[in-house]
Amino acid sequence: MGFLFDPLGSQATILGSIGITEQKGIMAKINFGGTMETVVTRKEFPMTKARKVLKNETIAILGYGVQGPAQGLNLRDNGFNVIVGQAPEFKRDWDRAVADGWKPGKTLFPIEEAVRRGTIIQMLVSDAAQRAIWPTVKANLKEGDALYFSHGFSIAYKKQTGVIPPPSVDVIMVAPKGSGTSVRRNFLSGAGINSSYAIEQDYTGRAEERCLAIGIGIGSGYLFPTTFEHEVFSDLTGERGVLMGALAGIMEAQYDVLRANGHTPSEAFNETVEELTQSLIRLVDENGMDWMYSNCSATAQRGALDWKPRFKKAVMPVFKELYRRVKNGQECARVLKACGAPNYQEQLARELAAIRDSEMWQAGKAVRALRPKEPARAIGKGVKGIAGRAAN
């Protein structure tokens, strides 16, 4: 089923040719697979409105690691008043901020000073680091400030993190559904990236409009409501599951089986990773899983349809255990202990190096180097053979 806006009255407008309607001034309703949900798009909350809402605000980006650069630069490019708070002792991130045009003493400050100067405080350091800097942040918050997160972790697990905001501030969240790199790249391409948003505490009566304005300002394509708890439970499950952990584990398992049965590294990598990333997942992205199946061979279709239930049955117990650990706080405890260790960066570097230096990903490096670098051909209305087939 496609995404269809629910008709919301006689003022509904047709958007494009896919049956999308909206009513000016309120959130849109969309049919997501049979469940009606509300979302906020750039039609309901345009950039002009976001700039008006935040015209007297100073947005302080705390942390210049993963999300900080993307959200800070996107907001700056969109004309908002932005400063960065970064601990100078973390020289790599401080120098990166300087290289990106943030000026020490003008738009780049130590964290304590940035909190004092800001009115919307974006907590974009890592989850473990949020616990570490919280006493400094809390001591410098002012009545009416907005405390902003891009992950529900610190608030949902507040008994473990100790991050308990005072009652005199707004507590809001915009969580982009992608890495900081994707947030920035999609912003520059014009595509944007979807984000969830939540209001945990509304002291000023303006928490929602501040939240949505920031969401539009960082380049969200659309925003959908959630809670801090739901965001972190789904996010931690996704990262450990399909998005990263399960994906990498399944790839390694298939690659190892192919290699054990005499297939070359290049063949094993192409059949495990390259065809997925360069072909099939792009078809899924374009028009759904069934459409990807429709545009593969009959042999591939039949095998995939036969084996899909077996894989689902095999991994379902693992996903249930994963969600249980996320919900009961075990994964939170693991993150705080591991990521808060003094030698964590060195340990992480060793673990990532083990992946990078493995035969599988060294083979991948060679495969990527062999991709043609020719300029793209122009694709116009008359180009044949690119539409795919709608059905078998």
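This text gives an overview of the structure that appears in the document.

Let us now look at the side chain of Ser220. By secondary structure assignment, the location of Ser220 is in strand β13 (residues 220–225). Within the structure, Ser220 has its side chain in polar contact with the side chain of Ser195 (distance 2.8 Å). A distance of 2.8 Å separates a polar atom in the side chain of Ser220 from the backbone oxygen of Gly215. Look past the residues within four positions of Ser220 in its chain and what remains in contact with it is Arg42, Val174, Ile193, Ser195 and Gly215.

What follows concerns a nonpolar patch on the surface. A surface patch of nonpolar side chains, amounting to about 340 Å² of accessible area, comprises Val242, Leu243 and Met244. Summarising the element assignment, Met244 is placed in the loop between α10 (228–240) and α11 (245–260). Assessed through its relative accessible area of 55%, Met244 is described here as exposed.

As a further point, take the pattern of salt bridges. Considering all chains together, one arrives at 19 salt bridges under this definition. Here Asp306 makes a salt bridge to Arg302, at a shortest N to O gap of 2.9 Å. Here the residue Asp306 and the residue Arg302 both occupy positions in helix α14 (residues 298–327), the gap between them amounting to four residues, near one helical turn. Looking at Asp306, the relative accessible area reads 41%, which means it is partly exposed. In this structure Arg302 comes out as partly exposed when scored by relative accessible area, which is 47%. A cluster of three or more residues bridged by salt bridges with shared partners is formed by Glu57, Asp170, Arg206, Glu209 and Arg210.

Bringing the nonpolar core into the picture now. In terms of nonpolar packing, the biggest core is built from 32 residues, with Phe45, Leu54, Ile59, Leu75, Trp102, Tyr148 and Ile214 touching the most fellow members. The biggest single contributor to this core is helix α9 (residues 207–217), with six residues. Each residue touching Ile59, except ones within four places of it in the same chain, is listed here: Leu54, Leu75, Phe80, Asn81, Val82, Ile83, Ile120, Gln122 and Ile214. Listed in part, the 24 residues of the second largest apolar core include Phe109, Ile121, Leu141 and Val169.

Counting buried positions over the five residues of strand β4 (residues 28–32) gives four, a clear majority of the element. Of the pairings in the sheet, the one linking β4 to strand β5 (residues 35–41) comprises five bridges and is antiparallel in character. Pairing of Ala28 across the sheet is with Val39, part of β5. Where β4 hands over to β5, the hairpin turn is made up of two residues, of which Gly33 adopts a positive phi near 60°.

So, how was this worked out
Residues numbered from 1 in each chain as written. Predicted model: local features only at pLDDT ≥ 70, side-chain atom pairs only at ≥ 80, totals over all residues. Heavy atoms only, no water. Helix = DSSP H or I, 4+ residues; strand = E, 2+ residues; numbered from the N terminus. Polar contact = N/O pair within 3.5 Å; in protein donor to acceptor, adjacent residues only side chain to side chain. Contact = heavy atoms within 4.5 Å. Patch = residues over 30% accessible without salt bridge, like charges linked within 9 Å, V, L, I, M, F, W, Y side chains within 5 Å. Areas by Shrake-Rupley, 256 points an atom, 1.4 Å probe, with all protein chains shown as cover. Salt bridge = Lys/Arg side-chain N within 4 Å of Asp/Glu carboxyl O. Buried < 20%, exposed > 50% of the residue type's maximum accessible area, 1.4 Å probe, protein only. Core = buried A, V, L, I, M, F, W, Y, C linked by side-chain atoms within 4.5 Å. Pairing = 2+ DSSP bridges.

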